[in-house]
Amino acid sequence: MTSPDSITLHRPLDMHLHLRDGDMLRLVAPHSASNLAGAVIMPNLVPPLTSVEMLTAYRGRILAAAGPHAASFQPLMTLFFQHYTEAALAAAQPHLFAIKLYPHGVTTNSDSGIHSIDAAEPTLKLMEAMGIPLLVHGETTGFVLDREAEFLSIYGRLATRFPRLRIVMEHITTAAAVALLDRFENLHATVTGHHLVITLDDVAGGLLQPHLFCKPIAKRPEDRDALLAAALAAHPRLMLGSDSAPHPQHAKECCGCAAGVYTAPLLLPRMAQLFAEHGALENLQAFVSDNAIRIHGLNPPDKSVTLARQPWTVPSAYEGDPGLKVIPWEAGRELLWSIQA
Ligand code: DOR
Ligand code: ZN
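Residues numbered from 1 in each chain as written. Chains lettered and ligands numbered in written order. Predicted model: local features only at pLDDT ≥ 70, side-chain atom pairs only at ≥ 80, totals over all residues. Heavy atoms only, no water.

Trainee: I keep staring at the overall build of the chain and nothing clicks. Help me out?
Mentor: Broken down by element type, the chain carries 11 helices and 16 strands. A compact globule built from 341 residues would reach a C-alpha radius of gyration of about 20 Å, and the chain, at 19 Å, matches this within 12%. Summarising its shape, the C-alpha atoms of the chain cover approximately 50 × 45 × 40 Å along the three principal directions. Counting all 341 residues of the chain, 58% fall into the buried class. Long-range pairs, those at least 24 residues apart, make up 72% of the contacts in the chain between residues at least 6 apart in sequence. For the chain, the accessible surface area stands at approximately 13300 Å², while carbon and sulfur atoms represent 54% of it. Charged side chains in the chain number 25 positive and 32 negative. The centres of these two groups are separated by 3 Å. (Helix = DSSP H or I, 4+ residues; strand = E, 2+ residues; numbered from the N terminus. Rg over C-alpha atoms; globule rule 2.2 N^0.38 Å. Buried < 20%, exposed > 50% of the residue type's maximum accessible area, 1.4 Å probe, protein only. Contact = heavy atoms within 4.5 Å. Areas by Shrake-Rupley, 256 points an atom, 1.4 Å probe, with all protein chains shown as cover. Lys, Arg positive; Asp, Glu negative; His and termini not counted. Charge placed at Lys NZ, Arg CZ, Asp CG, Glu CD.)

Trainee: Please clarify how the sheet that holds strand 4 (residues 38–41) should be interpreted in this entry.
Mentor: Sheets are built from strands paired through backbone hydrogen bonds, the pairs being either parallel or antiparallel. The strand order 3-4-5-6-7-8-9-10 describes an open sheet built from eight strands, whose pairing is parallel. What marks the edges here is a single partner per strand, and that holds for strand 3 (13–17) and strand 10 (238–240). Strand after strand, the sheet turns through a mean of 25 degrees between neighbouring axes, direction not considered. Pairing between strand 5 (residues 74–80) and strand 6 (residues 98–101): three bridges, direction parallel. What sits directly across from Leu79, in strand 6, is Ile99. Each of strand 3, strand 8 (167–169), strand 9 (187–191) and strand 10 touches helix 11 (residues 284–296); the most contacted strand, strand 10, lies at about 125 degrees to it. (Pairing = 2+ DSSP bridges. Axes fitted to C-alpha atoms, helices over the stretch in contact; angles between N-to-C directions.)

Trainee: Please explain the packing of helix 1 (residues 22–33) against helix 2 (residues 52–66) as it appears in this structure.
Mentor: Between two packed helices, what matters for the description is the angle formed by their axes and the separation of those axes. Interaxial distance between helix 1 and helix 2 falls to 8 Å at its minimum, and their mutual angle equals 75 degrees. One way to sum up the angle between helix 1 and helix 2 is to call them roughly perpendicular. Here helix 1 contributes Leu25, Arg26, Ala29, Pro30 and Ala33 to the contact with helix 2, which in turn contributes Tyr58, Arg61, Ile62, Ala65 and Ala66. Along the lines of polarity and charge, the residues of the contact of helix 1 with helix 2 split into eight nonpolar, no polar and two charged. (Parallel < 35°, antiparallel > 145°, perpendicular 65-115°, else oblique. Nonpolar A, V, L, I, M, F, W, Y, C, P; charged D, E, K, R; others polar.)

Trainee: Sorry if this is basic, but what is going on with the sheet that holds strand 11 (residues 304–308) here?
Mentor: The strand order 1-2-11-16 describes an open sheet built from four strands, whose pairing is antiparallel. The open sheet has two free edges, formed respectively by strand 1 (2–3) and strand 16 (338–339), since each of these has just one partner strand. Taken strand by strand, helix 10 (residues 267–277) contacts strand 2 (6–10), strand 11 and strand 16, and its axis lies near 55 degrees from that of strand 11.

Trainee: Help me out: how do you make sense of the side chain of Thr263 in this one?
Mentor: Structurally, Thr263 is set in the loop between helix 9 (249–252) and helix 10. With relative accessibility at 1%, the residue Thr263 sits in the buried group. Ignoring any residue separated from it by four or fewer positions in sequence, one finds Thr263 in contact with His194, Ser242, Ser244 and Trp329.

Trainee: Looking at this structure, I do not really get the coordination of the zinc ion (ligand 2). What am I missing?
Mentor: Metal coordination angles in their ideal form are 109.5 degrees for the four-donor tetrahedron and 90 or 180 degrees for the six-donor octahedron. Distances from the zinc ion (ligand 2) to its protein donors, His16 (NE2), His18 (NE2) and Asp243 (OD), fall within 2.0 Å. In primary sequence terms, the donor set of the zinc ion (ligand 2) follows H-x1-H-x224-D. With His16 in strand 3 and Asp243 in the loop between strand 10 and helix 9, the pair connects residues that are 227 residues apart, well separated along the chain. Each member of the pair, His16 as well as Asp243, is classed as buried. (Donors = N, O, S within 2.8 Å, 3.2 Å for Na, K, Ca; no water.)

Trainee: Could you clarify how one ought to interpret the packing of helix 10 against helix 11 in this entry?
Mentor: It is at 9 Å that the axes of helix 10 and helix 11 come closest, and there the two elements cross at 140 degrees. What the angle tells us is that helix 10 and helix 11 run oblique. Side by side, helix 10 and helix 11 meet where Leu268, Met271, Ala272 and Phe275 of the first sit next to Leu284, Phe287 and Val288 of the second.

Trainee: Honestly, helix 10 in this entry has me stumped. Any pointers?
Mentor: For an α-helix, 3.6 residues make a turn, and residues three or four places apart therefore share a direction. Within helix 10, 10 of the 11 residues are buried, which leaves the element mostly enclosed by the surrounding structure. Those residues of helix 10 that fall on the buried side of the exposure criterion are Leu267, Leu268, Pro269, Arg270, Met271, Ala272, Gln273, Leu274, Phe275 and Ala276. Following helix 10 by one or two positions, Gly279 adopts a phi angle in the positive range, close to 65 degrees.

Trainee: I keep staring at the packing of aromatic side chains and nothing clicks. Help me out?
Mentor: Any aromatic ring pair is given by two values, namely how distant the centres are and how the planes are angled relative to each other. Tallied over the entire structure, the rule returns four aromatic pairs. Judged by centre distance (5.0 Å) and plane angle (70 degrees), the rings of Phe151 and Tyr155 are edge-to-face. Placement of both Phe151 and Tyr155 in helix 5 (residues 147–161) is noted, with a separation of four residues, approximately one turn of the helix. The residues Phe151 and Tyr155 share a single accessibility class, namely buried. Plain terms: the ring middles of Phe275 and Phe287 are 5.5 Å apart, the flat faces sit at 20 degrees to each other, and that makes the pair stacked. Pair noted here: Phe275 is in helix 10 and Phe287 is in helix 11, with a separation of 12 residues, a long-range link. Of the two residues examined, Phe275 and Phe287, each falls in the buried class. (Phe/Tyr/Trp six-rings, centres within 6.5 Å; stacked < 30°, edge-to-face > 60°.)

Trainee: What is the right way to read the nonpolar core from this model?
Mentor: A general trend in soluble globular proteins is that nonpolar side chains are found buried together. Counting 98 residues, the largest nonpolar core has Leu196, Leu284 and Phe287 as its most contacted members. Element by element, the count of residues in this core is highest for helix 10, at seven residues. Residues contacting Leu196, with those up to four places away along its chain left out, are Val191, Arg224, Leu227, Leu228, Ala231, Met271, Leu274 and Phe287. Counting residues in each nonpolar core, the second largest holds 17 residues, with Leu13, Ala37, Met42 and Leu76 among its members. (Core = buried A, V, L, I, M, F, W, Y, C linked by side-chain atoms within 4.5 Å.)

Pasting the structure below:
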């Protein structure tokens, strides 16, 4: 049900989420599990998730950390891309949603990422034949503002060479990536909430804002506007993927700040506010759920979340054990929309 002042979202999903492990997992998992029907869980742990045993054990820890929300939250598990045999993929497939490919060294914990796309082809061929989706962190190691743009030709090549492989361009940040979506039927994309709102100016145009620093870095206003237009129009191959990526406060507020924006606790209210601001609330359901369910044939738990135009102040920090502190996006700011109990 949608009115100008409230919306009930059915089976909302986060198609790109970092939950970490240990104390951090216990702190952040409830923030997603409480109000989402499912999420695609990133595999860039240390060490990365590369076996079915690691995957199923991690899924168990996620559900334990989700506590009472576990019954209505589906973790969609991913393996870290490496060269896999057909037997390894067959063993993993019943527990697996997709495989996430990181080029070597482009972001947090991507040291075991690939050095050559060509060398990845045998595994990609198997994935295509088996129907396992490929999620890609599409950046080169070039000049920081050009990294995504430089990767777009690789997306094009992958989409052409593997026409039946379902490819997702993760966390797109450029107008050019939006345009590429319409050129290949097997290309899809996720976009974060924060990349629909901020530009590089918000990160580094005034005093440096470490809590807005992430990979890929936010780009130009015209890029943000193209992403926003596609999201507001519920582009059928675009899905919300928060890339919520918590780091302890000390790892963000320091020299050598870690990349990642922690958005999970405010993801849905902030998106409701944004879509309402632009008169596009009726398209939020497709962006946060229907597109993903259709594209991937998902069947998440039947969970609904109602958001209403009721102000809510984002906490200035979330604290866990022992002394763990994470600063969220919009910390201490009042949002116009909130989740209704
Ligand atoms: O900013 C980012 N943080 N981008 C990524 O790709 C990874 C993530 C993380 O794991 O912290
Ligand atoms: Zn990510």
